[in-house]
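Each chain is listed here by its residues.
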Amino acid sequence: MKKLLVGFMIAAMAMTLLVGCGSAGDSSQPSTNNGAEGKTDEEKVLNIFTWATYFPDDILKSFTEETGIAINYSNFSTNEEMLSKLETVQGGEYDIVLASDYIVKMAIDKGLVKKLDKAQIPNYDNLDPSYLGNYFDPDNEYTVPYGVGTPLIVYDPSRVDVEIKGYADLWNPALKDSLVLVNDARNILGITLKTMGKSLNEEDSAVLEEAKSKLMELKDNVRVLDYDTPYNKLLEGEATVGYMFTSQAATCLTVNPDLKVVYPEEGLGFGIDAIFTPSNAPHEKNAHAFLNYILQGEVAADIYPQILYLCPNKAAYEFLPEEYTSNSAINIPEENRKDVEFIQVISNEASDLYNSIWTEFVQAVG
Amino acid sequence: MKGKKHTQRRWGSGIYLGVILALMYIPIVLVIVYSFNKQKISAVWGGFSLDWYRVLFHDQQMMGALWNSLKLGISSCLISGVIGTLGAVGMTKGRFRTAGAIESIATLPIMIPEIILGIAFLTFFSFVGIPYGMPAMIIGHCTFCIPYIFINVRTRLLGIDPSIEEAARDLGAGGGRVFWDITLPLIAPGILSGMLLAFAMSLDDVIISFFLAGPTSTTLPVRVYSQLKTAVTPEINALCTLTMGVTFCIVIVSQILGSNKFKRNRREEL
């Protein structure tokens, strides 16, 4: 017993030392080339920071094969986490960050984003101009749009008797206890405002109070609120009508093509997840090489069917597989795409009001 | 009359036990079953398949994250094993006037909400200039792992009859000899169970790991949590199934070893 213990303790110490050294080596690796002077012979490393699997694995692998640049892929789960992390590392450590439009705007305003060098990204011209020049980057200086999405209504026509054309139809008493909605204050209060002819970004407290009473009328129709997996509720049959994000709606259709997608007549909400390079990115050149790589038409055509977001790359259109382009959650008609509105950052007071209304609603739904 | 009451009680406790076990194990069984689901979505059963295990083994990102988690868990539970044990032994041997206060402070990190600890580390490390990454994560994890070992070892120490150590000293053993030959073997089970608990806690942690991670050190829970954005596939179920398989094996092996040792000890006594 004694020998065993002594041996164990020694092994423990040895392991600690080994692991300690190993990890110290790991962490010193990216920092060796932090200086700007290393620009010409950057080490072959690229640090990506975004949601897991948002850049598909096979794309990253083929990029590494082609360029010899190794990829470190680290993850966050919310936009706000990303911003706080990026602030503490002062825009360093990471080379490629992919996050949602409103937070990209905040990062730009805080000076955490570097301007892109378009000369290094000839494939930037492949981007469809209709997805460029948005509020978070009006002159297209900082970002490359990646995942484009719009929340949609999806329903099971075999179990729903009423016709659904827009958000207002969700209030139909015939849909009692049958909705699954994304658990998100801005989106659901947003569509309530839309039914009143207002903006998704309404800040007037009187209007918001009005929206609150309207929203409360919806509570009997709501079966469940689910942010991450609303498609499960619809596919399982627990709910018959859903309001969910693009990729979730598209997922529903790939599993059950008989479901129907509605492009609400009041106008679509819209969101773009965009890529940027932080202000002190250690491997700037590799970041540009990566952007140029994923903007190739054929590469992009490989990405979007995997992530099920709308493709902003016009050079990819001819390569996109039919099963992707025929998905009605993806293939949104031109006329519907004209009337879109982004959910933007609003004043703190308005934001608090949204949250308190939402909390009350969630409690009422139970 | 008495017998009837007794059987009633037995029935009651049987049902109670059954419900508890069902609640604990049905979700786990479902996770395992759905790891063999051909369909990408857990809501629909698409037929039996081992595809997700293949996907899992080819997923470099996932394997990298798993490796990071193991590295972090093992090193922080070993380091805190040493520190926690030394602390508990020192605390029991040396009788400080402030022992009570020190003990409360030492066990505080498991009481503090993780998010506060995470933010505290984030600000402190950036203030002191420690780079984010594996070393920072190990330091962070050690702080909340040490109390588990400390508490376990301390309880164990308090249960030891001081006359055993006194006897060793009477027979001429020095301080070091007493520790290695007498104290350590007696508290070893406490150290081990404390370290297992600490390992489990470290493996579980999302918030502190996220705040302290560098570009190369994403851990498994951070990655899985982050995957909710693009849908969690049965690949995660496959991973859970394998992890549980390994855990069960460890438990069974340790049970067998434990019972053998028990028998052997009994025989020696006889």
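Residue numbers run consecutively from 1 along every chain, following the written order of its sequence. Think of it this way: whatever chain is written first is A, whatever ligand is written first is 1, and the rest follow in order. Local features in this predicted model are restricted to residues whose pLDDT is 70 or higher, and side-chain atom pairs enter the listing and the counts only when it is 80 or higher, whereas totals over whole chains, interfaces and linings include all residues.

Student: In this structure, what is going on with the overall build of chain B? I would like to understand it.
Tutor: Helical segments are the DSSP runs of H or I of at least four residues, strand segments are the runs of E of at least two, and each set is numbered from the N terminus. Within chain B, the secondary structure is distributed over 11 helices and zero strands. The N-to-C order of helical and strand elements in chain B reads α-α-α-α-α-α-α-α-α-α-α. Only the C-alpha atoms count toward the radius of gyration. The rule for a globule is 2.2 Å times the residue count to the power 0.38. Computed over C-alpha atoms, the radius of gyration of chain B comes to 24 Å, more than 25% over the 18 Å expected from 2.2 N^0.38 for 270 residues, which places it beyond the range of a compact globule. With the C-alpha coordinates of chain B rotated into their principal frame, the extents come out at 70 × 70 × 35 Å. As a rule, residues whose C-beta atom has 12 or fewer other C-beta atoms within 10 Å are exposed, those with 20 or more are buried, and those in between are partly exposed; C-beta atoms are placed from the backbone. Relative to its 270 residues, chain B shows a buried fraction of 33%.

Student: Hey, could you run me through the interface of chain B and chain A in this one?
Tutor: Note that contacts rest on C-beta atoms placed from the backbone: two residues are in contact if these are within 7 Å. Contacts between chain B and chain A engage 40 residues on the former and 40 residues on the latter. For the side of chain B that touches chain A, the elements supplying multiple residues, two or more each, are α3 (60–93), α5 (114–128), α6 (134–158), α8 (175–204) and α10 (220–226) of chain B. Throughout this entry, Asp, Glu, Lys and Arg are counted as charged residues, while Ala, Val, Leu, Ile, Met, Phe, Trp, Tyr, Cys and Pro are counted as nonpolar. The remaining residues, Gly among them, count as polar. A class-by-class count of the residues in the side of chain B that touches chain A yields 23 nonpolar, 12 polar and five charged.

Student: How should I be thinking about the environment of Gly271(A) in this particular structure?
Tutor: Residues and elements named next belong to chain A. Take Gly 271: it is sitting in strand β11 (residues 268–278). Measuring from C-alpha to C-alpha, the distance between Gly 271 and Glu 341 comes to 8.3 Å, with 70 residues separating the pair along the chain. The residues touching Gly 271, leaving out its near neighbours within four places in the chain, are Ser 100, Asp 101, Gly 149, Phe 342 and Ile 343.

Student: Any chance you could explain the sheet that holds strand β8 (residues 222–225) of chain A here in plain terms?
Tutor: The strands that make up a sheet are held in pairs by hydrogen bonds between backbone atoms, and each pair lies either parallel or antiparallel. Residue and element names in this part refer to chain A. When DSSP finds two or more bridges between a pair of strands, those strands are recorded as paired. With mixed pairing, the five strands of this open sheet are ordered in space as β8-β7-β9-β6-β10. Sheet topology places β8 and β10 (260–262) at the edges, where each strand pairs with a single neighbour. Strand-to-strand, the axes of this sheet are offset by a mean angle of 20°, without reference to chain direction. Inspection of the sheet shows strand β7 (residues 179–181) paired to strand β9 (residues 241–244) by three bridges, in the parallel sense. Orientation is described by axes fitted as lines to C-alpha atoms, over the contacting stretch for helices, and by angles from 0 to 180 degrees between their N-to-C directions.

Student: For this particular structure, what's the right way to read the pairing of β11(A)?
Tutor: For a regular strand, side-chain orientation follows a simple rule: the groups alternate between the two sheet faces. Residues and elements named next belong to chain A. Most of β11 sits inside the fold, with 11 of its 11 residues counted as buried. When strand β3 (residues 96–100) meets β11, the two strands line up antiparallel, connected through four bridges. Of the residues in β11, the one forming a bridge with Ser 100 is Asp 273. Two elements, strand β4 (residues 113–114) and β11, share two bridges in a ladder whose sense is antiparallel. Bridge pairing links Val 113 to Pro 278 in β11. Bridge analysis of strand β5 (residues 144–149) against β11 gives five bridges, and the strand direction is antiparallel. When the sheet's bridge partners are listed, Gly 147 is paired in β11 with Asp 273. Bridge count for β11 against strand β12 (residues 340–342) is three bridges, and the pairing is parallel. Opposite Gly 269, over in β12, you have Glu 341 as the bridge partner.

Student: Please clarify how the environment of Gly47(B) should be interpreted in this entry.
Tutor: Mapped onto the elements of the fold, Gly47(B) is located in the loop between α1 (2–34) and α2 (51–58). The sequence separation of Gly47(B) and Phe36(B) amounts to 11 residues, and the corresponding C-alpha distance is 7.9 Å.

Student: How should I be thinking about the domain arrangement of chain A in this particular structure?
Tutor: Accessible area lost during the coming together of the parts is what is often quoted as the interface size. Residue and element names in this part refer to chain A. Under the domain assignment used here, chain A contains domain 1 (44–148 + 273–315) and domain 2 (152–271 + 325–365). Using only C-alpha atoms to locate each centre, domain 1 and domain 2 end up separated by 28 Å. Every contact between the two is made by 11 residues of domain 1 and, on the other side, 10 residues of domain 2. When the residues that make up the side of domain 1 that touches domain 2 are grouped by side-chain class, the tally is seven nonpolar, two polar and two charged. Residue ranges for the domains originate in an automatic or database domain assignment.

Student: Sorry, what's going on with unusual backbone geometry here?
Tutor: Of all residues except glycine, most have a negative phi; of all peptide bonds, most are trans. Of note in the backbone geometry, Asn140(A) takes a positive phi value of approximately 55° without being a glycine. In this model, Leu308(A) sits at a positive phi of 55°, which is unusual for a non-glycine residue.

Student: Would you take a moment to explain the packing of α3(B) against α8(B) for this structure?
Tutor: How two helices sit against one another is set out by the angle between their axes and by the gap between those axes. Residue and element names in this part refer to chain B. The contact between α3 and α8 brings their axes to 8 Å, and the two run at 140°. Considering their axes alone, α3 and α8 lie oblique with respect to each other. Our pair here, α3 against α8, has a crossing hand that is right-handed. Mapping the contact onto sequence places Ser 69, Leu 72, Gly 73, Ser 76, Cys 77, Ser 80, Gly 81, Gly 84, Thr 85 and Val 89 in α3 and Thr 183, Ile 191, Gly 194, Met 195, Ala 198, Phe 199, Ser 202 and Leu 203 in α8. Within the contact of α3 with α8, the residues separate by chemical class into eight nonpolar, 10 polar and no charged. Each angle is binned into one of four classes, with values under 35 degrees roughly parallel, values over 145 roughly antiparallel, values of 65 to 115 roughly perpendicular, and all other values oblique. Throughout, a crossing is termed right-handed when the near helix is turned clockwise from the far one, and left-handed when it is turned anticlockwise from it by less than a right angle.

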